[in-house]
Amino acid sequence: GARTAGTALSSVPLHPSSSRDAAATTGNAKETQLLRLAEEGKRKRGKEGKKEGMATSATTIKTTAATTTELDGGEPPPPWLCRPLNKLAVDLDRPNHVCYSDMVLINWRECRRHERKTHSKKDFHPCRENINSIRIVNRFLAVPAEEWFWRMHVAMEGEAREIIHAIHNGIEAIRKDKMEEVTISLNQLSNGIRSLIACHPDPYPHSARAELVLWRRLKPFIAANASLKELSCFVYAGHSPILPTLFKYLGVKRGRHRLQRWRDESVKNMPTEHRKFIGMIESTQSARTYLKSMIAHRKRREGTPRAKSRMHDVAVLEVSFNKCIEQLLRFCSRRSQLVCRCVPQAAQWFREIQMKQEAEYLTRSHCALLVGHQLMAPLPKSINRGGKHWEEQTTTKPTKVKNLFEVADDKPPPRPPPPAPNAAPLKVTESSGDVDIVVGGTSSSPNSVGVSQPSPDE
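Keep in mind that this is a model prediction, so the values were computed, not measured.

About the cut-offs
Residues numbered from 1 in each chain as written. Predicted model: local features only at pLDDT ≥ 70, side-chain atom pairs only at ≥ 80, totals over all residues. Heavy atoms only, no water. Phe/Tyr/Trp six-rings, centres within 6.5 Å; stacked < 30°, edge-to-face > 60°. Lys NZ or Arg CZ within 6 Å of the ring centre and 35° of its normal. Axes fitted to C-alpha atoms, helices over the stretch in contact; angles between N-to-C directions. Helix = DSSP H or I, 4+ residues; strand = E, 2+ residues; numbered from the N terminus. Parallel < 35°, antiparallel > 145°, perpendicular 65-115°, else oblique. Left-handed = near helix turned anticlockwise from the far one by under 90°. Contact = heavy atoms within 4.5 Å. Salt bridge = Lys/Arg side-chain N within 4 Å of Asp/Glu carboxyl O. Buried < 20%, exposed > 50% of the residue type's maximum accessible area, 1.4 Å probe, protein only. Lys, Arg positive; Asp, Glu negative; His and termini not counted. Polar contact = N/O pair within 3.5 Å; in protein donor to acceptor, adjacent residues only side chain to side chain.

Here we look at the packing of aromatic side chains
For any two aromatic rings, the description comes down to two numbers: the centre-to-centre distance and the angle of the planes.
Alright, step 1. Applying the stated criterion across every chain yields a total of 10 aromatic pairs.
Alright, step 2. Chaining the aromatic ring pairs together yields one cluster made of W148, F149, W150, Y204, W215 and F234.
Alright, step 3. R263 extends its terminal NZ or CZ atom over the ring of F247, reaching a point 4.0 Å from the ring centre.
Alright, step 4. Positioned above the aromatic ring of Y361 is the side chain of R364, whose terminal nitrogen or guanidinium carbon lies 5.6 Å from the ring centre.

Below, the structure is given as structure tokens:
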């Protein structure tokens, strides 16, 4: 599809504003050519192939329109280019401007030098292992940093397959109330997030100035009217479904900061399938809510053999959930580091305000429900608080204590060591300026200071 689109648009001139009138004479022919390109995308076999062909054609037209706008000094593209673009945008239910999905999801192919005769695009799955085999089709700048940036995100979206698979299994397990399967899906989700973190190189292959120059030149093509703060949010999350999906499935508490608003608004620019998947997650129970319900169910059935066997399963589920939160916090930290390299003008605002609030909400989402419900042995009989001592009756049901450190030990405090056995008295006498030390009544010589050893009887 991309090869057909490139061939069809190879003769489309990118006219500057000085020759716009001359371009209008050939506008009808160009519009007919672009409409034919859109119809060629519809002729793909199968529903998925048809939609992919239309999306590829739309991406090529969008990049052409963005380039025309930049060369014309910010003026809108000509009508012969806008009409086919608007028609494809309506058919695909996507925006009529360049977005994240146009530059990442459907804007790549396998490098020809890495292709094999038996290979096709369906058999090739982008990931961090074959990131060097990915080639970006439509680019705005002829710099290596742009190729690397979009290639990294293509590999990251490819690694997200494991995350989507784990979330789908987790939703099914929550519906069937199978705790062990939910725990397995959370462990798979944690490994998937770790794969996303590994897509970010450490150290980066080039200096920070390369990303600074890259986004200073890319901004007119992708986000011409956006502020630096909006551009930093685009670099952080884009219009990718990864972060909204993870936040909603894990049940992370919602905030009011700009990153949260960006995630909510970015859903509009996603493909239809991604929006449906996020809507399905919103309509089901999150992993955090399910974990809370298991704790409440364990508390109601406390004291029964079934509750004792489930307590360990709940503890393992809680540990797996906390691992996912920790990996998600690490992933957000790596994205924040990328933002500070690409948009250093807004780095202080992003790091000290937005990421601080983002990390705070993620930290609050950690679960310590087993500790909160005090699944422990019953309290001792005697409790000593503030110097007061009273007896408390013990029952088989454990009692909830607000602070574990207030409970004293059953054993009384240790007694001080007994005094040493009666030793010989120590006497000090003075005589004519000399000091005599007398032990047990026996003194040393009159003109010396000393200690005489006691006799065996003493």
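Some words on the packing of helix α8 (residues 179-198) against helix α11 (residues 242-250)
Alright, step 1. With their axes 13 Å apart at the nearest point, α8 and α11 run at an angle of 150° to one another. Relative to α11, the element α8 lies roughly antiparallel. With respect to the hand of their crossing, α8 and α11 are arranged in left-handed fashion. Two secondary-structure elements touch here, α8 through S185, L186, L189, I193 and L196 and α11 through I242, L246, Y249 and L250.

Looking at the pattern of salt bridges
Alright, step 1. Summed over the entire model, instances satisfying the criterion amount to 12 salt bridges.
Alright, step 2. Between R175 and E172 there is a salt bridge whose closest N-O contact spans 3.5 Å. You can see R175 and its partner E172 sitting in helix α7 (residues 144-176), three residues apart, about one turn around the helix.
Alright, step 3. We classify R175 as exposed; its relative accessible area is 51%.
Alright, step 4. Residue classification places E172 among the partly exposed residues on the basis of a relative accessible area of 30%.
Alright, step 5. For R341, the salt bridge identified is with E211, shortest N-O distance 3.2 Å. One end of the pair, R341, is in helix α15 (residues 305-342); the other, E211, is in helix α9 (residues 208-222), with 130 residues separating them in the sequence.
Alright, step 6. In this structure, a network of salt bridges that share partners links the residues R128, E129 and E159.

Describing the side chain of R335
Alright, step 1. Tracing the backbone through its elements, the reader meets R335 in helix α15.
Alright, step 2. Although R335 lies buried, it forms no salt bridge, and the closest oppositely charged side chain, E157, sits 8.2 Å away as judged by the N-O distance.
Alright, step 3. Within the structure, R335 has its side chain in polar contact with the backbone oxygen of V235 (distance 2.6 Å).
Alright, step 4. Aside from chain neighbours lying at most four places away, what touches R335 is M152, H153, M156, H200, V235 and Y236.

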